[in-house]
Structure formats: C-alpha cells, structure tokens
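Residues per chain are reported as follows:
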Amino acid sequence: MKILFKKTALAFALSSLALGVHAQGTTAATERQPETPLTAPQAEAPQTTAQTEAVEIAAADAAEPAPVDPGMKLMEQIDEWKYGAGAGLTERADNSAIFMAEGIAFVKVTPDAADWADHRLMAYKEALMHAQAQFIEFEGISTRAETVSKLFEDKSQMPKFLPKELQSSSKLEEVLNKAVALAGGKLDEQLSELGINPDEFTAAPPEKRARLLENSISEQISTRARASLTGLMPVKTFEANDAQGRHAIAVIVVASDKMRQFVYDMKQSKGDLAPNPEKVGGPSLRERFNDNKTALIHEFGIRKMFDENGYPVLVSFGQAGTGYNGSDFNRQMNARKGAFLYAKGDAYANFAYLLNSVGNAELSTSRKSMDATDGVVRAERDSVVESEEQRIEMVKAINNEISARGSISDLPGTRQLIRWTAKHPLHGNEINGVVYVWHPVSEQNARDMRDFKPKRTEQVQIQERKATTGTSGVSQSRDLMSADDF
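This section reports on the structure supplied with the text. (Residues numbered from 1 in each chain as written. Predicted model: local features only at pLDDT ≥ 70, side-chain atom pairs only at ≥ 80, totals over all residues. Heavy atoms only, no water.)

What the protein contains, in helices and strands, is eleven helices and eleven strands. Each of the 486 residues in the protein was classed as buried or not, and the buried ones make up 31%. Working note: accessible area of the protein is about 32300 Å², and carbon and sulfur atoms make up 52% of it. (Helix = DSSP H or I, 4+ residues; strand = E, 2+ residues; numbered from the N terminus. Buried < 20%, exposed > 50% of the residue type's maximum accessible area, 1.4 Å probe, protein only. Areas by Shrake-Rupley, 256 points an atom, 1.4 Å probe, with all protein chains shown as cover.)

What follows is the structure, encoded as structure tokens:
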C-alpha cells in the first residue's frame, strides 16, 4: 500500500509538471503575433526550481523500499503454504483429524554478531516451544481466574511524624550540614564533576506515605497444562528478514494418532519394520541432502521420511555457528570442531523429543486498573508539610513458562549421514551442521553387532614365501579381509 502511494505521488508530481509546462506554452502562443509564421518547433519552457525539487523528492520516495515486518512476512508465507503445498494437512486439521499449530520467534541479535548463527538456532527452538505449548494446552488445561473490585477511602490514614522522629531527623540534618560545611569546596568540586549544582544539594527530607483512596478493579488468571509430546513432529520451517538483518523464524508442528502409533511401533519393533512398496524409488537420502549443502541451513528439527527402498526412516538435523570470525587458523579449526559437537548434540536431542518427551505450560497474568490517592507528609526544616498525590494507572504483569523434556535410553541404529559447512547466503556467517539418520535395517545391524558372540573356527595355516635378496622390487601387506567380511 505504501509503495502504491509513493508511485501515485510520483505520477501526480510528474502530471503537475506537465500541466505547468503546457500552461506556459499556451500563454506564449497567445502572446505570439498572428503574422509571425511558425518556422521551427517551439522549445519547451524550462522547469522551475520548485518543480524540479518536487520531482526529485517524489522519485526518491518512490524508490525507497517500504519497511518490512519479518513477522508479517512469516504469516504471509504460512498462509501461502497452508493453501498450497500444505493444503492436505490444513484440510485434515480443519476437520479435526490431526492437530496442527505454528509458533514464531525472533532472532535477538543481528548478523554482525559473532554468535548470530546460534541465536538463530535458539529462535527456532523458541518458536518450536510456542507451537508445542498450543498442543499441550489442546490436550487439556487447568485454569483459575479471580476478579476483585475495590473501593477504599479513609482520610484519617494521613501519616504523621512522632516528636521523637522529628527530633531524630533534625539531628541527622544537623550532622549532614556540619559534614557539608567541613568538606567545603572539595565537596562542591566533586558534585560539579557529577553534574550536580552544589547550591541545590540538600539532604532529602524524611517522608511518609499512606493510601487514602483507591478505586480499582483487578484480575488474576493462572493456566497450567501438561501433556506428552511424543510423536509431535515439526513439518515445516519458515524464515524472514528485513533490510537491517533482523530475522524471524516460524515452525509448524503436526500431531496425529498415526504418527504416535509409528513411534510406538518403531520403539517396540527392534528394527523389524517392513518397507512401503508405494515409497520405493527416487534418490537415496545421501543424494537428497548432499547435493545442496546451503539448503541445509534452513532445515531444523526431525522428519519422518522414506529411503529409496521404501523403508521408513527418521532424519534429524543439527547445526551450530562457528562463533569465530578471525584469521587465526588454530582457533578457527577448534571453533569449527566445537560447532560440530554442538550440532551432534542438537541432532540427538531431536530423537529424544520425538520419541519420549513431556511438556509443561504455565501462564499467569494480572491486570489492575486503579485510581488512587496517597497522603504524603514531609518533615521540612521547621515544619511538617502535608500533601495528596493522585494517579490513575494500569498495572500489568505476565509470567509465561514452557518446558519440554525428552529422554531415550536405548536407540541403536542412528548414524551420521553427512556433515556440512556452509556460509549463510545473505550474511556470510559460517554454519556447521550434521544430518543423523535412524534406519530400521541399521538398528538390526547394530543389535547384531552388539549381541555378537564369536564362534570357534578352524585355523588355516598360511605358508610364507622366502623373500629374495639383492634385487629391486616392491612390497605390500597381505589381503587378509574381503568385502564379504563386512
């Protein structure tokens, strides 16, 4: 809308300029003598300074990009996906066949920060938790609400000073005055350095306050929820940014009985899962992720997929920033090594959250609209001054806590598929990541290796040849193993 307005303003300015030029030309033609023949095209009237400035300002305004709100851009992306590629999930969610929700969070720093990549990852995790909280509350909430209307007025509550308190205050003030007098110019000099006028420096008089009147209404709401997050799957992530590098990330999660059943079957099957004939074919997992490392920058969380043979697999993405932008090679390599370890931990955590996790959501809010009058008394040098202070205010407080805890005690068959390093396409920040895969066949192989018990076999004697001496030649180790051994 703003861009359209700017273009309209530019067009209006140009139109005004054209009308001005046309009017000047018309006036010149009227003043021209009839007998004077037109032998050559008349020159256009020169633009005035005001017209030129108007055109330049309108052109600059029209060329200036409109401010971008990353949050609004994310919502637009989500809506496009819901009615495009994600239309099937949207329809099932609208029919209550599945649960679907989205969460949004903002990266707290700009890309010029060394640890921006890690802040970006934590923004994804925050967005995920906001989506998880919706699912936790969807499964059942406990809410307590209380509203209180209060009207209080008691003018007799005006505070007073006891004679003993006034005497004590006088003594204190006397001591302070003596200290100021003894310090003399030195104190004045120090106060001036602090930007305080020495003439205005006096000890604050003692003061008492009490509530004389209050007309208020307040409300407190507490909501709690707890639910299993097992089987809750992130299916899509979005990211948007403005020209200043401020990023926002959104994630969509889906929960269904079918996915929870798959998780249960997977944990009980010990890798004995049959392939899906309808999913056979296509590129391998390595081919799908190894061709475009930069695309992995935008992959977070865990997905259920199928390999080229139709087997169901879990693919977990982990990433972390290097956090070092210097030129020291050793520091760079150590930072990158640490980043891969963080990414590995991130990938393993995704399995724990999907396969066995519990979430808690607690929200407490309070609001209070208040019209209050306070009585105030101040002990001045020789008297006590009473006054009243009135104020109208809205007091608000909020506490929102979301937690998710996952754990797995035995998950054989997970392995690193690829490890990657890439520069962010917009800002150049280095990001390191890993892709870990759980495969049912890999679990069976891992269990076989873990349960392996060696058997006694007959030893075959190998007769070695005597090496010749005195001649040139080459040598190599024996081929003690073959491909069939693996």
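Another point: the nonpolar core. Tyr124, Phe135, Ile136, Leu229, Leu232, Val251 and Val253 are the most contacted members of the largest nonpolar core, which totals 25 residues. Counting residues per element, the ones that place at least two in this core are strand 1 (99-106), helix 5 (116-138), strand 3 (207-228) and strand 5 (247-255). Tallying contributions element by element places helix 5 first for this core, with ten residues. Once residues within four sequence positions are removed from consideration, Tyr124 is found in contact with Pro234, Thr237, Ile249, Val251, Phe300 and Gly301. One finds Met266, Leu355, Val434 and Tyr436 within the second-largest nonpolar core, a separate group that totals 18 residues. (Core = buried A, V, L, I, M, F, W, Y, C linked by side-chain atoms within 4.5 Å. Contact = heavy atoms within 4.5 Å.)

Moving on, we come to the pattern of salt bridges. In total, this model carries 23 salt bridges according to the counting rule given. For Glu102, the salt bridge is made with Lys82, and the minimal N-O distance between the two is 3.2 Å. Residue Glu102 is located in strand 1, and its partner Lys82 is located in helix 3 (residues 70-82); the two are separated by 20 residues in the primary sequence. The exposure class of Lys82 is buried, given its relative accessible area of 17%. Here Glu214 and Lys368 are joined by a salt bridge, their closest N and O atoms 3.3 Å apart. Here the residue Glu214 occupies a position in strand 3, and Lys368 occupies one in strand 8 (residues 357-379), the gap between them amounting to 154 residues. On the basis of relative accessible area, Lys368 is assigned to the partly exposed category, the value being 27%. (Salt bridge = Lys/Arg side-chain N within 4 Å of Asp/Glu carboxyl O.)

Quick look at the packing of aromatic side chains now. Enumeration over the complete set of coordinates arrives at seven aromatic pairs. The structure contains a cluster of three or more aromatic residues connected by ring pairs, namely Phe99, Phe135 and Phe138. The lysine or arginine in question, Lys304, covers the ring of Phe262, its NZ or CZ lying 4.2 Å from the ring centre. Stacked on the ring of Phe340, the Lys or Arg Arg419 has its end atom at 4.2 Å from the ring centre. (Phe/Tyr/Trp six-rings, centres within 6.5 Å; stacked < 30°, edge-to-face > 60°. Lys NZ or Arg CZ within 6 Å of the ring centre and 35° of its normal.)

Here we take up helix 10 (residues 329-355). When the terminal C-alpha atoms of helix 10 are compared, their 40 Å separation across 27 residues agrees well with the 39 Å that a helix rising 1.5 Å per residue should span. With a side-chain oxygen lying 3.1 Å from the backbone nitrogen of Asn330, the N-terminal cap of helix 10 falls on Asp328. (Expected span 1.5 Å × (residues − 1). Polar contact = N/O pair within 3.5 Å; in protein donor to acceptor, adjacent residues only side chain to side chain.)

We now examine the sheet that holds strand 8. Sheet architecture is open: four strands sit in the order 2-3-8-9, paired in antiparallel fashion. Lying at the two open borders of the sheet, with one neighbouring strand each, are strand 2 (142-153) and strand 9 (384-406). The sheet shows a mean angle of 5° between the axes of neighbouring strands, direction not considered. Sheet analysis places strand 2 next to strand 3, joined by twelve bridges and oriented antiparallel. When the sheet's bridge partners are listed, Val148 is paired in strand 3 with Ser218. (Pairing = 2+ DSSP bridges. Axes fitted to C-alpha atoms, helices over the stretch in contact; angles between N-to-C directions.)

Both strand 4 (residues 233-241) and strand 5 contribute to a ladder of eight bridges, which runs antiparallel. Residue pairing for strand 5: Glu239 is matched across the bridge by Ile249. Taken together, strand 4 and the strand that follows it, strand 5, pair antiparallel across an intervening segment of five residues, in which Gly245 is found at a positive phi of about 85°.

Across the sheet, which stays open at both edges, the three strands sit in the order 1-5-4 with antiparallel pairing between neighbours. The open sheet has two free edges, formed respectively by strand 1 and strand 4, since each of these has just one partner strand. Adjacent strand axes in the sheet meet at a mean angle of 15°, parallel and antiparallel pairs treated alike. Pairing geometry for strand 1 and strand 5, over eight bridges, is antiparallel. By the bridge assignment for strand 5, Gly103 is matched with Val251.

Before going further, it helps to spend a moment on the environment of Met333. The topology assignment puts Met333 in helix 10. Linking Met333 and Thr322, residues eleven residues apart in sequence, is a C-alpha distance of 9.1 Å.

Here Pro412 shows up in the loop between strand 9 and strand 10 (414-423). Pro412 sits in the buried class, given a relative accessible area of 10%. Put simply, Pro412 and Arg447 are 35 residues apart on the chain and 6.8 Å apart in space, counted from C-alpha to C-alpha. Beyond its immediate stretch of four places on either side in the chain, Pro412 contacts Trp438, Glu443, Ala446, Arg447 and Arg450.

Below, the discussion takes up the side chain of Arg447. Tracing the backbone shows Arg447 in helix 11 (residues 440-450). Those residues in contact with Arg447, other than ones at most four positions away along the chain, are Lys270, Asp410 and Pro412.

Moving on, we get to unusual backbone geometry. When glycine is set aside, most residues are seen to have a negative phi, and most peptide bonds are trans. With a phi close to 65°, Ser96 is a non-glycine residue in the positive phi region. Summarising the element assignment, Ser96 is placed in the loop between helix 4 (87-94) and strand 1. What makes Ser96 exposed here is its relative accessible area of 66%. The backbone of Lys270 shows a phi angle near 55°, a positive value even though the residue is not glycine.

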